[in-house]
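# Residue-level structural notes
Chain residues, written in single-letter form:
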Amino acid sequence: MSQFWSPFVKDLVPYVPGEQPKMTRLVKLNTNENPYGPSPKAIAAMQAQLNDDLRLYPDPNSDRLKQAIADYYGVQTSQVFVGNGSDEVLAHAFHGLFQHGKPLLYPDITYSFYPVYCGLYGIESGPVALDENFRIRVEDYARENGGIIFPNPNAPTGCLLPLAAIEQLLQQNTETVVLVDEAYIDFGGETAIALVNKYPNLLVTQTLSKSRSLAGLRVGLAVGHPDLIEALERVKNSFNSYPLDRMAIAGAAAAFEDRDYFNETCQKVISDREWVAAELTALGFDVLPSAANFVFARHAQKDAATIAAALREQGIIVRHFKTERIAQFLRITIGTPEQNSELIDALKAL
Ligand code: PMP
């Protein structure tokens with residue numbers, strides 16, 4: 001801290017990103033990246049951008065990408081917003097859509113960026129406990145709020161809230177924005193984008209970092225009523241009118257268009273997840289049902305921090321959170337079949 005810091009920055013508790021180690025010979029199962037790499041068509045589209053046109057600013061509206069997303073989901077481009085990673089899209093939603101003076105409701109055990117954005121934008125936090133099975137109970141959200149946000153599937157639990165439950169929540173909450181953060185939806189969930197034309201207060205965010213394997217490109221999106229999108233555009237244009245560069249627009253659009261590669265790699269991750277979950281269960285872990293590209297598991301006897309440290313010594317990194325209720329869990333990203341086997345072998349040896 002320094003005398004030059006504003007009082008606002010002094011009080012800010014920043015988000016701590018998952019570790020991105022510099023060592024490369026690691027089995028990296030800690031930040032839910034996709035082991036299969038982006039679509040070759042997306043890579044070719046980005047390579048085609050490496051020319052003299054880079055001296056020019058990109059399209060501030062990313063129309064090419066919005067069109068690809070609109071075509072994919074069968075919505076209008078006026079219902080689509082894109083940004084520099086879904087973290088940025090979420091930041092603009094916190095800034096532009098959630099009300100002040102009433103608590104923003106979100107699950108207690110969720111993506112830890114939500115309380116950070118509350119702090120950043122002066123929004124009251126309203127954590128709502130999960131039930132004893134780590135599930136979101138929709139009835140608990142039927143109270144006064146400045147907005148509601150939750151990931152579906154939830155992170156870091158991986159538990160999915162069915163679309164019917166989301167619709168119930170939307171029916172009981174019509175006065176404020178309901179944001180469904182679908183960072184992991186493509187690994188077995190059903191997208192709430194199907195409901196945006198029915199509920200003008202529903203905003204759905206997604207990322208290209210997970211199912212489209214472009215975490216390094218930083219592209220996220222939101223779909224909702226054009227009025228919600230307009231609020232996000234206003235915030236964006238007051239912050240950085242060119243959030244997506246030429247390569248990001250071209251690569252992300254091509255990734256949306258390459259449906260075969262997307263379907264094939266998602267299916268592989270899903271079937272590998274079922275294998276990992278079964279192996280972990282056989283080793284004495286309690287594995288929460290996951291609809292994401294990771295599993296959340298605790299061992300009946302062994303301490304989670306000890307297991308994580310022992311795995312690390314063997315070059316395998318998984319995520320361990322210190323939050324009390326989940327301190328005995330490990331969040332393990334699904335890797336390639338070889339990486340998954342290495343993990344299971346290492347656990348057997350412990
Ligand atoms: N939402 C959730 C629930 C996440 O786990 C993540 C990834 N850490 C994000 C949003 C942000 O993803 P990105 O900024 O890479 O799009």
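Residues numbered from 1 in each chain as written. Predicted model: local features only at pLDDT ≥ 70, side-chain atom pairs only at ≥ 80, totals over all residues.

Before going further, it helps to examine the site of the ligand. In the vicinity of the ligand, the residues found are G85, S86, D87, Y111, P151, A155, D181, A183, T207, S209, A215 and G220. When its residues are assigned to classes, the shell around the ligand shows five nonpolar, five polar and two charged. (Near = placed C-beta within 6 Å. Nonpolar A, V, L, I, M, F, W, Y, C, P; charged D, E, K, R; others polar.)

This paragraph deals with the UniProt feature "modified residue: N6-(pyridoxal phosphate)lysine" (unreviewed entry) in the protein. Here, the residues flagged by UniProt with the feature "modified residue: N6-(pyridoxal phosphate)lysine" (unreviewed entry) are K210. Within the secondary structure, K210 is located in the loop between strand 7 (202–207) and strand 8 (220–224). You can call K210 buried: it has 25 C-beta atoms within 10 Å. Aside from chain neighbours lying at most four places away, what touches K210 is N32, N34, A183, Y184 and N293. (UniProt positions renumbered as here; feature names shortened; annotations may be inferred. Helix = DSSP H or I, 4+ residues; strand = E, 2+ residues; numbered from the N terminus. Buried ≥ 20, exposed ≤ 12 C-beta atoms within 10 Å, placed from the backbone. Contact = placed C-beta atoms within 7 Å.)

As paired strands, strand 3 (residues 104–108) and strand 4 (residues 125–129) are joined by five bridges and run parallel to one another. Its bridge partner being in strand 4, D108 is matched across the sheet by A129. (Pairing = 2+ DSSP bridges.)

If you walk across this open sheet you meet the seven strands as 2-8-7-6-5-3-4, and the pairing is mixed. Among the strands making up the open sheet, the edge pair consists of strand 2 (80–83) and strand 4. Direction aside, the axes of adjacent strands within the sheet are offset by 25° on average. Along the sheet, helix 7 (residues 226–237) contacts strand 2, strand 7 and strand 8; its crossing angle with strand 2, the most-contacted strand, is approximately 30°. (Axes fitted to C-alpha atoms, helices over the stretch in contact; angles between N-to-C directions.)

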